[in-house]
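Each chain, written out:
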Amino acid sequence: MKKQRNSKQRQIILDAVMTRCDHPTADQIYLDARAKYDKISRGTVYRNLGVLAESGEIMNVKVAAADRYDSRLDRHYHLLCTRCGKVFDAPLPYHAEYDDAVARETGFRISRHLLVFEGLCPACSRKNEDESDEPT
Ligand SMILES: [Zn+2]
Ligand SMILES: [Zn+2]
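Residues numbered from 1 in each chain as written. Chains lettered and ligands numbered in written order. Predicted model: local features only at pLDDT ≥ 70, side-chain atom pairs only at ≥ 80, totals over all residues.

This next bit is on the sheet that holds strand β1 (residues 78–81). The pairing of strands in a sheet comes from backbone hydrogen bonds and takes either a parallel or an antiparallel form. Taken in spatial order, the three strands make up an open sheet running β2-β1-β3, and their pairing is mixed. For this open sheet the edge positions go to β2 (87–89) and β3 (116–119), each flanked by a neighbour on one side alone. The mean inter-strand angle of the sheet, taken between neighbouring strand axes irrespective of direction, is 25°. Relative to β3, β1 runs parallel, the two sharing four bridges. Directly across from L80, in β3, lies its bridge partner E118. (Pairing = 2+ DSSP bridges. Helix = DSSP H or I, 4+ residues; strand = E, 2+ residues; numbered from the N terminus. Axes fitted to C-alpha atoms, helices over the stretch in contact; angles between N-to-C directions.)

Right, dumping it as structure tokens:
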């Protein structure tokens, strides 16, 4: 990994993530970071969030990313290829008992839960072995 020149900016970004516990979006982090340091750019924040997530200092959680539409109407889970972006149905039964358990504990009226498995699809993992290049 490249040596980071803007470690001060990265620290501001990291602090902005650490002082919140509401799963902020990159834009929310950007606004917090800019309040501390008004020269920071959106691109710097996005890039550093990616670096921090990759190095394991923060975690990237995808919650309801892009809307997708499915002709299959029964509850089921999905697999997302992080390289080509294709979405597949996961061969697992829907666990309705999770909805009940979380509803009991939180008082939420749960309508459903989503579960997405991330990784490389067979085609992309074959390509990965051929090229053995680094995912971007
Ligand atoms: Zn793929
Ligand atoms: Zn599906």
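A few words now on helix α4 (residues 96–106). Working note: α-helix, 3.6 residues per turn, so residues spaced by three or four point in the same direction. A small share of α4 lies buried, amounting to zero of its eleven residues. Following α4 by one or two positions, G107 has its phi on the positive side, about 80°. (Buried ≥ 20, exposed ≤ 12 C-beta atoms within 10 Å, placed from the backbone.)

Structural measurements only, silent on function.
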